[in-house]
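A look at the structure
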Amino acid sequence: MDIQKKITTRYFRQKKEKGEKILSLTAYDAPTAKFAEECGIELLLVGDSLGMALLGYKSTIPVTIEQSLHHCAAVARGAKFAFIVGDMPFMTYHPSVKTAMTNAARYIQEAGVDGVKLEGGKVISKTITRLVGAGVPVMGHIGLLPQSVLTQGGYRIAGKTKDEEQRLIEDAKAVEDAGAFCIVLECIPAELSARITASLKIPTIGIGAGPKCDGQIQVVNDILGMFTDFIPKHAKRYANLSEEMKKAFTAYASEVSSGKFPGKENSF
Ligand code: KIV
């Protein structure tokens with residue numbers, strides 16, 4: 001699909017109403033953003049997964065706002081039409097609503113993204129209301145929350161008990177009522193995310209949350225086979241670029257060693 005017009009938040013609500021799936025991926029650099037939107041990807045999230053996907057960290061926790069803004073600006077330069085969301089890193093929106101507002105402004109004004117994402121449900125709803133009130137589109141995120149890995153004691157599927165189920169339903173509603181334009185459901189049982197999706201007017205974007213969400217998002221490095229530490233159960237590999245890169249590096253190294261490269265055609 002060839003996107004020809006800048007995508008706005010209204011487009012996503014209309015897609016949900018029409019029963020059309022929202023197409024989303026993470027992106028961290030300009031060329032990936034360009035290729036993805038040329039292939040019809042409508043929403044690009046500059047996730048704090050940047051930490052693991054690109055920066056070599058073990059979790060999203062060490063990612064700083066400066067690192068995130070740097071990559072957001074690259075994605076904003078690469079994509080013309082896709083809606084770009086900057087994922088606010090750990091502790092950049094928690095200390096106070098004022099901190100969240102000041103930092104969110106940097107995403108919009110300095111990095112040139114179209115909206116921001118915050119993790120959390122009810123606890124963060126007041127901040128979402130204030131941001132939206134100030135004109136910042138907000139994407140919510142509930143379920144598995146990578147920024148809470150330290151308090152949650154690891155990465156766990158969310159919503160497996162009746163209490164957790166109820167909490168997620170209430171969190172989703174709180175995020176919608178606060179004014180978010182869509183919400184990520186991460187690692188939630190498919191049946192529960194189907195119920196949440198049916199109960200909300202705003203679209204749900206699933207990752208490990210089953211097929212009934214209004215859209216899907218994946219970490220681009222996972223689907224391209226660029227992240228080799230492990231393959232999350234929710235991810236499917238559509239390419240094996242790590243192997244392709246290794247093949248190319250091996251061939252290059254071998255040709256430089258043997259003197260085959262550079263040949264006449266690469267010389268002046
Ligand atoms: O950081 C990220 O990539 C995310 C997605 C998993 C939704 O938050």
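Rules of the game
- Every chain is numbered independently, its residues counted from 1 as its sequence is written.
- A pLDDT threshold of at least 70 governs which residues receive local features in this predicted model, and a stricter bar of 80 or more applies before side-chain atom pairs are shown or counted, although totals over entire chains, interfaces and linings include all residues.
- Side-chain metrics rest on all non-hydrogen atoms present in the structure, leaving aside hydrogens and water.
- Ring pairs are drawn from Phe, Tyr and Trp, using the six-membered ring of Trp, whenever the two centres fall within 6.5 Å, and their geometry is named by plane angle: stacked under 30 degrees, edge-to-face over 60, tilted for the rest.
- In what follows, salt bridge is the name for a side-chain nitrogen of Lys or Arg lying within 4 Å of a carboxyl oxygen of Asp or Glu.
- Only runs of H or I of at least four residues qualify as helices and only runs of E of at least two qualify as strands under DSSP, and these elements are numbered from the N terminus.
- For every residue, the accessible area obtained with a 1.4 Å probe (protein chains only) is divided by the maximum for its type, and the residue is called buried under 20%, exposed over 50%, and partly exposed between those limits.
- Directions are taken from the helix axis to each C-beta atom, and the arc is the one they span.
- We define proximity as follows: a residue is near a molecule or strand when any one of its heavy atoms falls within 4 Å of that partner.
- Here a polar contact is taken to be a pair of N or O atoms separated by no more than 3.5 Å, where protein atoms must pair a possible hydrogen donor with a possible acceptor and residues adjacent in sequence count only if both atoms sit in side chains.
- Here, Shrake-Rupley sampling with a 1.4 Å probe gives the accessible areas, and only protein chains in the shown set may cover a residue.
- Each residue is assigned to one class: nonpolar for Ala, Val, Leu, Ile, Met, Phe, Trp, Tyr, Cys and Pro, charged for Asp, Glu, Lys and Arg, and polar for all the others, Gly among them.
- A pair of cysteine sulfur atoms is labelled a disulfide when the two atoms are within 2.5 Å.
- To get an axis, fit a line to the C-alpha atoms, keeping to the stretch in contact for a helix; angles then go from 0 to 180 degrees between the N-to-C directions.
- Crossing handedness is read from the near helix: turned anticlockwise from the far helix by less than a right angle, it gives a left-handed crossing, and turned clockwise, a right-handed one.
- Contact between two residues is taken to exist if any of their heavy atoms lie within 4.5 Å; hydrogens are not considered.

On to the packing of aromatic side chains, then. Aromatic ring pairs are described here by two measures, namely the spacing of the ring centres and the angle between the planes. Tallied over the entire structure, the rule returns five aromatic pairs. An aromatic cluster is built from Tyr11, Phe12, Phe83 and Phe181, whose rings are joined through pairwise contacts.

This part covers the pattern of salt bridges. Per the stated rule, a full pass over the model turns up 16 salt bridges. Taking the shortest distance from any N to any O, the salt bridge between Lys6 and Asp114 comes out at 2.8 Å. Note that Lys6 is positioned in the segment before α1 (9-18) and Asp114 in the loop between α5 (97-111) and β4 (115-117), a separation of 108 residues in sequence. Residue classification places Lys6 among the partly exposed residues on the basis of a relative accessible area of 36%. Each of Lys162, Glu165, Glu191 and Arg195 takes part in a single network of salt bridges with overlapping partners.

This paragraph deals with helix α2 (residues 30-38). Those residues of α2 that sit buried are Ala33, Ala36 and Glu37. Looking straight down α2, one finds that the buried residues subtend no more than 90 degrees of arc, so they occupy a single side. Looking one or two places after α2, you find Gly40, whose phi comes out positive at around 95 degrees.

Near the ligand the following residues occur: Thr26, Leu45, Gly47, Asp48, Ser49, Asp87, Lys117, His141, Val184, Glu186, Ile207 and Val219. The side chain of Asp48 places a nitrogen or oxygen atom 3.0 Å from an oxygen atom of the ligand. Here an oxygen atom of the ligand and a side-chain polar atom of Lys117 are 3.0 Å apart. When the ligand sits alone it has 260 Å² of accessible area, and the protein chains cover 96% of it. Classifying every residue of the shell around the ligand gives four nonpolar, four polar and four charged.

So, on to the state of the cysteines. Counted according to the given criterion, the structure contains zero disulfides. Sulfur of Cys182: no disulfide; nearest cysteine sulfur belongs to Cys213 and is 11 Å away.

Our next topic: unusual backbone geometry. Geometrically, the link from Phe261 to Pro262 is a cis peptide bond, its omega value of 0 degrees lying close to zero. Locating Pro262 in the fold gives a position in the segment after α11 (241-258). Of note in the backbone geometry, Met91 takes a positive phi value of approximately 70 degrees without being a glycine. On the secondary structure map, Met91 appears in the loop between β3 (83-87) and α5.

As a packed pair, helix α4 (residues 65-78) and α5 sit with axes 9 Å apart at the nearest point and diverge in direction by 35 degrees. By crossing handedness, the relation of α4 to α5 is classed as right-handed. Contacts from Ile65, Glu66, Ser68, Leu69, Cys72, Ala73 and Ala76 in α4 reach Asn103, Arg106, Tyr107, Glu110 and Ala111 in α5. Looking at the contact of α4 with α5 residue by residue, the class counts come to seven nonpolar, two polar and three charged.

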